[in-house]
Amino acid sequence: MLAAFVSTPAPKDPMSVLEVGDRPEPEVPDGWTTVQVKAASLNHHDLFSLQGVGLPQERMPMTLGTDAAGIDADGNEVVVHGVVASPGWTGDETLDPKRSLFSELHQGTMAERVAVPKRNLLPKPAELSFAEAACLPTAWLTAYRMLFVKSGLRPGQTVLVQGASGGVATALIVLGRAAGFRMWVTGRTEEKRAAAIAMGADQAFETGARLPGRVDGVMETVGEATWSHSVKSLKPGGVIVISGATTGFNPGAELNRIFFTQLSVIGSTMGTRAELESLIELCRVSGIRPQIDVELPLSQARDGFERMLEGRTAGKIVFTV
Ligand SMILES: NC(=O)c1ccc[n+]([C@@H]2O[C@H](COP(=O)([O-])OP(=O)(O)OC[C@H]3O[C@@H](n4cnc5c(N)ncnc54)[C@H](OP(=O)(O)O)[C@@H]3O)[C@@H](O)[C@H]2O)c1
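Conventions used here
Residues numbered from 1 in each chain as written. Predicted model: local features only at pLDDT ≥ 70, side-chain atom pairs only at ≥ 80, totals over all residues. Heavy atoms only, no water. Disulfide = S-S within 2.5 Å. Buried < 20%, exposed > 50% of the residue type's maximum accessible area, 1.4 Å probe, protein only. Helix = DSSP H or I, 4+ residues; strand = E, 2+ residues; numbered from the N terminus. Contact = heavy atoms within 4.5 Å. Polar contact = N/O pair within 3.5 Å; in protein donor to acceptor, adjacent residues only side chain to side chain. Pairing = 2+ DSSP bridges. Near = heavy atom within 4 Å. Areas by Shrake-Rupley, 256 points an atom, 1.4 Å probe, with all protein chains shown as cover.

Colleague: For this particular structure, what's the right way to read the state of the cysteines?
Modeller: Covalent bonding between the sulfur atoms of two cysteines defines a disulfide. Evaluation of the coordinates by the stated rule reveals zero disulfides. With no disulfide partner, C135 has as its closest neighbouring cysteine sulfur the one in C283, 9.7 Å distant. With a relative accessible area of 0%, C135 lands in the buried category. A relative accessible area of 0% places C283 in the buried class.

Colleague: How should the environment of D22 be read in this particular structure?
Modeller: Summarising the element assignment, D22 is placed in strand β2 (residues 18-22). For the pair D22 and I242, spaced 220 residues apart in the sequence, the C-alpha separation amounts to 37 Å. Dropping the residues within four chain positions of it, D22 is found in contact with M1 and F5. In this structure the side chain of D22 is engaged in a polar contact, spanning 2.8 Å, whose partner is the backbone nitrogen of M1.

Colleague: Looking at this structure, how should I read the sheet that holds strand β1 (residues 2-6)?
Modeller: Taken in spatial order, the three strands line up as β2-β1-β4 in an open sheet, and their pairing is antiparallel. In this open sheet, the two edge strands, each paired with only one partner strand, are β2 and β4 (62-63). In terms of strand pairing, β1 meets β4 through two bridges, oriented antiparallel. The partner of V6 across the bridge, within β4, is M62.

Colleague: Sorry if this is basic, but what is going on with the site of the ligand here?
Modeller: Around the ligand, 28 residues are found, and the nearest of them are H44, S165, S243, T246 and M270. S243 is positioned such that a nitrogen or oxygen atom in its backbone is 2.7 Å from a nitrogen atom of the ligand. Burial of the ligand by the protein chains amounts to 88% of its free accessible area of 920 Å². Mapped onto the shell around the ligand, the elements with two or more residues apiece are α1 (44-50), α3 (136-150) and α4 (167-179). Among the elements that line the shell around the ligand, the one with the most residues is α4, at three residues.

In structure tokens form, the structure reads like this:
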């Protein structure tokens, strides 16, 4: 079957190891089932996988992709929760030390078919297209948990999103706006900042710019390049929720400012099956939809990966099968 996959890591030149071609049919363990994939979305995680970050050579070849929407063995339209908990785990799947995402231990979703635990299936409402639904399990669920589960912030407060055009960043803008937060955004180009405003951001600033006032919360996925700005942008008692560090894991920690102004730094990762269910319902009821940059057939996955690597994104990149 057709799939996008990696056979050997390339930390410095990820595009050189992306393969789009034939892979074996999925093996289906007990308690798992096969989903016929209709759409899978691209996440920065997939670029990291090509670089061997979190995916050592011994687990390759590995089909990429952490998100899927498709059709299950009974013909139902489904969304696949991307966090695979260990057998017997109960409760918050993201707290399972042995959890993984598709494409880490188990073959990923950028394929015609993928094996998934039956408990990871959720019904896809007819109101959402397969492409829209495929954006929800990783970037959108991560944004949902950051903003609504972890931050402790209230509608009406001001939230800064670092990054304007990425998958998680655009999800935060749309979700925050829908929930009644004042969303401020930093973006690296005028075009990205204008797009963020069009998506519902209240104001958009150049990356690192001095803001007109301090904010109640910051949503971080950029890491080293923006960390110091995030810390300095907060009101005393404010909160940073961090779920990624695209530009590096070792920023100046700003420890003095963190304790002196009593900031909270909260880690967040993916979300639970129950949170994905709530997110799907939020989209259905409110009418908000993932901002899709481009839909490409899986056979043209290379174009999508190149766009993300070069930072030419304007929301989610989705591969259709
Ligand atoms: N923990 C989790 O469960 C989880 C889940 C999802 C994602 N993540 C992580 O979150 C991060 C974002 O993922 P994604 O899929 O949204 O990636 P993406 O679509 O590639 O977006 C990258 C974002 O980072 C910003 N950015 C990149 N380099 C920058 C720089 N030098 N200075 C300022 N901004 C920069 C971009 O800003 P512009 O808009 O200005 O270009 C863009 O908004 C990744 O590190 C990913 O691994 C973690």
